[in-house]
Amino acid sequence: MPEADTEGARYQADKPQTAPGFFLKGSHQLDWGMKNRLARVFNPQSGRTVMLAVDHGYFQGPTTGLERIDLSIVPLLPNCDALFCTRGILRSVIPAESQKPMVLRASGGPSILKELSDEQIAMDMEDAVRLNAAGVGIQVFVGGEFETRSIHNMTRLVDAGLRCGMPVMGVTAVGTNMVRDARYFRLACRIIAELGAQYVKTYYVDDGFETVTASCPVPIVMAGGKKLPEIEALTMAYNAVQQGASGVDMGRNIFQSDAPKAMIQAVHAVVHQNMKPQHALDMFHSLKSQG
Ligand code: 5RP
């Protein structure tokens, strides 16, 4: 007995094909591979990320807390959404079995002993693809001595990234003698986004941070900066996401904490669950006391 002919019904010709949107600000017109990599770094449910920044060695050498990344950072991998590191650390220390998305530092040149804005692109995009990176990051020294070169580094990296679907995170790198205020960060973040970076890492400012996120057409992740007491770091992360940041890329405030594993879990709760800072601090103390 031949099957009844239901073929016509199976095509559901009356229903338009679904057009999936994309959850990240300003990212809906990117190509599939780029979006897929972004969706590994940013959690599609919360739209946010907790990136753990451990790239400091590229200009600072063995920073406090990063002397032995195998011992201090590898145990934190389960608690971050993505790791921001150099390709040297990735190849030498990070287990290749890890399924965490890796965002690779792609600029470098001067050490802390020299003019930091004198950077170059320090990695081929081909190597980022070979390493299965989920993105690359580069400093952008708006207002710095080598401003034009630094911006040109970023635009070349963006062009290389677009060729293979690799998102570029532009990092606002502020010279020591420059004012860190909303006006400066609006300028720097907007330039970075206008010139093609898929997301921007920048510092939190108490006054007017929401104008920095509002005027940046792509996602912003908050940079951590120097080590603060835990309650201040948690408050800063809370304020940043409440004022429009799509997460954090924090280093020293996590790995220089007395209890880094407790701290990263507290930051995770602030970022993904909108946990209030005092509640997150209680969580930190409780996890810390459990060892
Ligand atoms: C500086 C960087 C760093 O290398 C690093 O990622 C900073 O992390 P933190 O300030 O949170 O320790 O991007 O701009």
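One can find the structure itself at the top, above this paragraph.
Reading the values: rules and limits
Residues numbered from 1 in each chain as written. Predicted model: local features only at pLDDT ≥ 70, side-chain atom pairs only at ≥ 80, totals over all residues. Heavy atoms only, no water. Phe/Tyr/Trp six-rings, centres within 6.5 Å; stacked < 30°, edge-to-face > 60°. Helix = DSSP H or I, 4+ residues; strand = E, 2+ residues; numbered from the N terminus. Buried < 20%, exposed > 50% of the residue type's maximum accessible area, 1.4 Å probe, protein only. Expected span 1.5 Å × (residues − 1). Contact = heavy atoms within 4.5 Å. Pairing = 2+ DSSP bridges. Salt bridge = Lys/Arg side-chain N within 4 Å of Asp/Glu carboxyl O. 1 Å grid on protein atoms, 1.4 Å probe; cavity = no way out; pocket = protein on both sides within 12 Å on 5 of 7 lines; lining within 4 Å. Points joined across faces, edges and corners; volume = space filled by probe spheres on them. Nonpolar A, V, L, I, M, F, W, Y, C, P; charged D, E, K, R; others polar. Axes fitted to C-alpha atoms, helices over the stretch in contact; angles between N-to-C directions.

Colleague: Help me get a handle on the packing of aromatic side chains, residues and values and all.
Modeller: Counted under the stated rule, the structure contains six aromatic pairs. Between phenylalanine 22 and phenylalanine 23, the ring centres sit 4.8 Å apart and the planes meet at 50 degrees, which makes this aromatic pair tilted. Taken together, a centroid distance of 5.1 Å and an interplanar angle of 85 degrees make the contact between phenylalanine 42 and tyrosine 199 edge-to-face. Of this pair, phenylalanine 42 sits in the loop between α2 (32-41) and β1 (49-53) while tyrosine 199 sits in strand β8 (residues 199-203); the two residues are 157 residues apart in sequence, bridging distant segments of the chain. Of the residues examined, phenylalanine 42 reaches a relative accessible area of 1% and is grouped as buried. Joined through ring pairs, the aromatic side chains of Tyr184, Phe185 and Tyr203 make up one cluster.

Colleague: I'd love a proper account of unusual backbone geometry, names of residues and values included.
Modeller: For glutamine 12, which is not glycine, the phi torsion reads 40 degrees and is therefore positive. Residue position: glutamine 12 is located in the loop between α1 (7-10) and α2. Relative accessible area serves as the criterion here: at 38%, glutamine 12 is assigned to the partly exposed category.

Colleague: Give me helix α10 (residues 230-242): which residues, what numbers.
Modeller: An ideal rise of 1.5 Å per residue puts 18 Å on 13 residues; α10 measures up with 18 Å between its terminal C-alpha atoms. Buried within α10 we find Glu230, Ala233, Leu234, Met236, Ala237, Tyr238, Ala240 and Val241. Summarising the contacts, the buried residues of α10 are in contact with α9 (209-214), β9 (220-223), β10 (247-250), α11 (252-255), α12 (260-273) and α13 (277-289). Following α10 by one or two positions, glycine 244 adopts a phi angle in the positive range, close to 105 degrees.

Colleague: Outline the pairing of strand β2 (residues 82-85), supporting the account with residue identities and numerical values.
Modeller: Side chains of β2 alternate between two faces, with Ala82 and Phe84 and Leu83 and Cys85 buried alike. Bridge count between β1 and β2: three bridges; the pairing is parallel. When the bridges of β2 are listed, methionine 51 appears paired with alanine 82. Pairing analysis gives three bridges linking β2 to strand β3 (residues 102-105), with the strands arranged parallel. By the bridge assignment, cysteine 85 is partnered in β3 with leucine 104.

Colleague: I'd love a proper account of the pattern of salt bridges, names of residues and values included.
Modeller: Across all of its chains, the model carries eleven salt bridges by this definition. The partner of arginine 91 in a salt bridge is aspartate 127, with the nearest N and O atoms 2.7 Å apart. One end of the pair, arginine 91, is in helix α5 (residues 87-92); the other, aspartate 127, is in helix α6 (residues 125-130), with 36 residues separating them in the sequence. Sharing partners across several salt bridges, the network here consists of Arg87, Arg91, Glu126, Asp127 and Arg130.

Colleague: Can you break down the layout of surface pockets residue by residue, with the values?
Modeller: What the largest pocket holds in volume is close to 780 Å³. Along its surface, the largest pocket is lined by 36 residues, and Phe59, Leu116, Gln139, Val174 and Tyr203 are the ones closest to its centre. Contributions of two or more residues to the lining of the largest pocket are made by α3 (57-60), β7 (168-172) and β8. Of the residues assigned to the lining of the largest pocket, the class counts are 13 nonpolar, 13 polar and ten charged. If you add up the space inside the second largest pocket, you get close to 310 Å³. Lining the second largest pocket are 15 residues, and of these Tyr204, Gly224, Lys226, Leu228 and Met236 lie nearest its centre. By residue class, the composition of the lining of the second largest pocket is seven nonpolar, four polar and four charged.

Colleague: Break down the sheet that holds β7 for me, citing the residues and quoting the values.
Modeller: Read around the closed barrel, eight strands run β1-β2-β3-β6-β7-β8-β9-β10, paired in parallel fashion. Between one strand axis and the next, the sheet turns by 25 degrees as a mean value, whatever way the strands run. Each of β6 (135-140) and β7 is contacted by helix α7 (residues 147-164), which is oriented at about 165 degrees to β6, the strand it contacts most. Packing against the sheet, α10 makes contact with β9 and β10, and its axis sits at approximately 165 degrees to β9.

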